[in-house]
Amino acid sequence: MRIGFIGLGNMGRHMARHLIRAGHQVTVHDSRPEAAAEHVALGALWAETPAECAGGAEVLVTMLPNPRVVEDVLLRGGAAEAMPVGSVWIDMSTSTPAAAERVAADVLDRRGVRRLDAPVSGMARGAEAGMLQIFVGGEAADFAAALPVLRVMGDADRILHVGPSGAGYTVKLLINLLWFSHLTASSEVLAMGVKAGVDLGTLRSALLASPAASNFLERDIMCVLTDGDYDDSFAMALACKDLGLAVDLGRDLGVSTELSALVEQIYRRAKSQHGEMAGEMTPVRLYEALAGREFRLGTAVAGDRVSA
């Protein structure tokens with residue numbers, strides 16, 4: 001299949017590589033030409049512009065950092081206008097229904113181009129392994145037709161058709177929002193517990209044995225608790241962007257988002273103190289500072305002091 005792929009960042013470079021190795025005829029484009037070196041070496045074609053990448057493609061995949069860049073590439077970069085009639089645009093960016101609707105209303109609907117929103121979860125590790133979870137919004141027939149392409153990049157058992165156009169974007173934003181909320185609430189609880197003198201491991205075990213158990217406490221936070229790894233594969237700049245999009249979505253829907261807005265403020269404070277490129281679990285460090293120690297299993301309660 002002829003596939004255009006735009007966006008070769010931390011996630012996209014792995015996803016494009018899987019498509020090439022699966023035998024598809026892939027043309028790639030990125031704002032940084034050097035990002036495509038490995039793909040060209042594997043047999044991909046390089047396109048100088050988004051329009052060149054989209055022209056002649058049966059499927060155009062975009063994996064871009066935010067809705068503004070999606071619109072820039074599709075509209076001002078000419079990709080939407082260059083797509084052949086009957087082709088499919090699969091946007092795997094964490095974007096918004098509104099941005100995609102603007103692209104569709106301006107160009108795609110007029111040209112008879114189909115579209116799917118298919119944002120992903122799994123971070124760079126999942127992209128590298130080809131085991132991403134993918135949430136797809138769009139027509140059921142278009143989803144079925146795109147499955148062979150999506151299965152090259154994702155876990156076949158976790159590629160979900162979640163509804164009509166826009167539903168994929170919405171589900172992904174809500175998943176991120178709830179995960180960031182889990183992180184914030186869990187960090188606050190751990191800080192209170194260890195400062196009160198409860199052993200960190202004992203507190204975690206008690207929480208996991210209770211109705212308050214969560215996948216975050218069981219698995220996700222372990223990289224911090226065992227290795228001090230705050231997961232810089234997903235930067236705070238992107239986390240804050242996703243939180244802002246989720247809060248904006250709530251406002252657009254008329255749903256009150258007091259808790260979500262507070263989580264966003266905490267994330268923005270962590271970004272201000274530790275930098276845009278700090279890992280997505282960096283807000284944990286704010287609560288470690290309040291507790292007066294790093295959250296590490298097997299360390300003494302009166303351990304190293306930390307600063308915010």
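What you see is a predicted model; the values in this text were computed from it and never measured.

(A) Highlighting the overall build of the protein chain. Looking only at helices and strands, the protein chain has 15 helices and nine strands in total. In terms of C-alpha radius of gyration, the protein chain reaches 21 Å, essentially the compact-globule figure of 19 Å for 308 residues. When its C-alpha atoms are laid out on the principal axes, the protein chain stretches across 65 × 45 × 35 Å. Here the protein chain holds 308 residues, and 53% of them are scored as buried. The contacts in the protein chain between residues at least 6 apart in sequence include a share of 65% that link residues at least 24 apart. Here the protein chain has roughly 13,500 Å² of accessible surface; of this, 55% comes from carbon and sulfur atoms. Here the protein chain contributes 28 positive and 37 negative side-chain charges, whose respective centroids are spaced 2 Å apart.

(B) Structural view of helix α9 (residues 167-195). With 29 residues, α9 extends 42 Å from end C-alpha to end C-alpha; this agrees with the ideal 42 Å at 1.5 Å per step. Directly after α9, the chain includes Gly197, whose backbone phi takes a positive value near 100 degrees.

(C) The packing of aromatic side chains, seen in detail. Per the stated rule, a full pass over the model turns up three aromatic pairs. Here the aromatic rings of Trp179 and Phe180 are separated by 5.7 Å at their centres, their planes lie at 75 degrees, and the arrangement is edge-to-face. Overall, Phe180 belongs to the buried group, its relative accessible area being 2%. Pairing Phe180 with Tyr267 gives two aromatic rings, centres 4.9 Å apart and planes at 55 degrees, and the pair type is tilted. Separated by 87 residues along the polypeptide, Phe180 in helix α9 and Tyr267 in helix α14 (residues 258-274) bring together distant segments of the chain.

(D) Quick look at the layout of surface pockets. Quantified by volume, the second largest pocket comes out at close to 170 Å³. In terms of lining, the second largest pocket is formed by Leu178, Ser181, His182, Thr184, Ala185, Glu188, Val189, Leu259, Leu262, Val263 and Ile266. Sorting the residues of the lining of the second largest pocket by element identifies α9 and α14 as the ones contributing at least two each. Looking at which element gives the most residues to the lining of the second largest pocket, the answer is α9, with seven residues. Residues of the lining of the second largest pocket, tallied by class, amount to seven nonpolar, three polar and one charged.

(E) Broad picture of the environment of Met15. Here Met15 lies in helix α1 (residues 12-21). On the basis of relative accessible area, Met15 is assigned to the buried category, the value being 0%. For the pair Met15 and Gly126, spaced 111 residues apart in sequence, the C-alpha separation works out to 9.6 Å. The residues contacting Met15, other than those within four sequence positions of it, are Phe5, Met63, Met92, Ala127, Leu132 and Met153.

(F) Highlighting the pairing of strand β9 (residues 154-163). As defined by bridge partners, strand β8 (residues 132-137) adjoins β9 across five bridges and the pair is classed as parallel. From the neighbouring strand, Gly137 faces β9, where its bridge partner is Gly163.

(G) Layout of the pairing of β8. Among the six residues in β8, six count as buried, and that is most of the element. Of the two faces of β8, the one lined by Leu132, Ile134 and Val136 and the one lined by Gln133, Phe135 and Gly137 are each fully buried.

(H) Layout of the packing of α9 against α14. Viewed as axis vectors pointing N to C, α9 and α14 meet at an angle of 70 degrees, and their least axial separation amounts to 10 Å. Looking at the two axes, α9 sits roughly perpendicular to α14. In this structure, the crossing between α9 and α14 has a hand that is left-handed. Along its contact with α9, which presents Leu177, Trp179, Phe180, Ser181, Leu183 and Thr184, the element α14 presents Ser260, Val263, Ile266 and Tyr267. Tallied by class, the residues present in the contact of α9 with α14 amount to seven nonpolar, three polar and no charged.

(I) Focus on the packing of helix α4 (residues 67-76) against helix α6 (residues 97-111). α6 packs onto α4 with a crossing angle of 15 degrees between their chain directions and a minimal axis gap of 9 Å. The orientation of α4 relative to α6 falls into the category roughly parallel. As for the relative orientation of α4 and α6, their crossing is right-handed in sense. In contact with Pro67, Glu71, Leu74 and Leu75 of α4, α6 contributes Ala99, Arg102, Val103, Asp106 and Val107. Across the contact of α4 with α6, the residue classes tally to six nonpolar, no polar and three charged.

Definitions and limits used
- Residues numbered from 1 in each chain as written.
- Predicted model: local features only at pLDDT ≥ 70, side-chain atom pairs only at ≥ 80, totals over all residues.
- Heavy atoms only, no water.
- Helix = DSSP H or I, 4+ residues; strand = E, 2+ residues; numbered from the N terminus.
- Rg over C-alpha atoms; globule rule 2.2 N^0.38 Å.
- Buried < 20%, exposed > 50% of the residue type's maximum accessible area, 1.4 Å probe, protein only.
- Contact = heavy atoms within 4.5 Å.
- Areas by Shrake-Rupley, 256 points an atom, 1.4 Å probe, with all protein chains shown as cover.
- Lys, Arg positive; Asp, Glu negative; His and termini not counted.
- Charge placed at Lys NZ, Arg CZ, Asp CG, Glu CD.
- Expected span 1.5 Å × (residues − 1).
- Phe/Tyr/Trp six-rings, centres within 6.5 Å; stacked < 30°, edge-to-face > 60°.
- 1 Å grid on protein atoms, 1.4 Å probe; cavity = no way out; pocket = protein on both sides within 12 Å on 5 of 7 lines; lining within 4 Å.
- Points joined across faces, edges and corners; volume = space filled by probe spheres on them.
- Nonpolar A, V, L, I, M, F, W, Y, C, P; charged D, E, K, R; others polar.
- Pairing = 2+ DSSP bridges.
- Axes fitted to C-alpha atoms, helices over the stretch in contact; angles between N-to-C directions.
- Parallel < 35°, antiparallel > 145°, perpendicular 65-115°, else oblique.
- Left-handed = near helix turned anticlockwise from the far one by under 90°.

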